[in-house]
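Examination of the molecular architecture
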Amino acid sequence: MSGPDTERRLREALEAVAREVRPAPDAYRTVRGAWLRRERRRRLLLAVLIAVVFALATLAGLWVLNHAPAAPGVIFNDRTSPGPTSYAPPVAPGS
């Protein structure tokens, strides 16, 4: 029972089952509507997630700025300004 006979019987059985299947008249519309709902839900969830991440990053930045020391740091503490007289222009070699 192997070989072409088995394949023929299997093909006939599958064709008989396929003849009995009748798709619902609005199957495409139903599936498309479900797909569009999932797509909308996915986009909405992504937008909410982006807004939450942005808000958390903004709050973290404001918290860090709020906890910064009030005194000026070493980089911006320029009490001894050299003034314009301490600038020496570069000397060309051989001068």
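Relevant structure appears above.
Rules and cut-offs
Residues numbered from 1 in each chain as written. Predicted model: local features only at pLDDT ≥ 70, side-chain atom pairs only at ≥ 80, totals over all residues. Heavy atoms only, no water. Patch = residues over 30% accessible without salt bridge, like charges linked within 9 Å, V, L, I, M, F, W, Y side chains within 5 Å. Areas by Shrake-Rupley, 256 points an atom, 1.4 Å probe, with all protein chains shown as cover. Salt bridge = Lys/Arg side-chain N within 4 Å of Asp/Glu carboxyl O. Helix = DSSP H or I, 4+ residues; strand = E, 2+ residues; numbered from the N terminus. Buried < 20%, exposed > 50% of the residue type's maximum accessible area, 1.4 Å probe, protein only.

Nonpolar side chains collect at one region of the surface, where Leu-44, Val-48, Val-52, Leu-56, Leu-59, Leu-62 and Leu-65 lie side by side and expose about 710 Å² of accessible area between them. When you line up the elements, Leu-56 lands in helix α2 (residues 27-66).

A few words on the pattern of salt bridges. Scanning the model with the defined rule gives four salt bridges in all. When the shortest N-O distance is used, the salt bridge between Asp-5 and Arg-8 registers 2.9 Å. Remark: Arg-8 and Asp-5 occur in helix α1 (residues 4-20); sequence separation between them is three residues, near one turn of the helix. Overall, Arg-8 belongs to the partly exposed group, its relative accessible area being 40%. Linking Glu-39 and Arg-42 is a salt bridge whose minimum nitrogen-to-oxygen distance equals 2.7 Å. On the criterion of helical spacing, the pair formed by Glu-39 and Arg-42 is a turn pair, its members being three residues apart in helix α2. A relative accessible area of 45% means that Arg-42 is categorised as partly exposed.

Coordinates in, geometry out; function isn't part of it.
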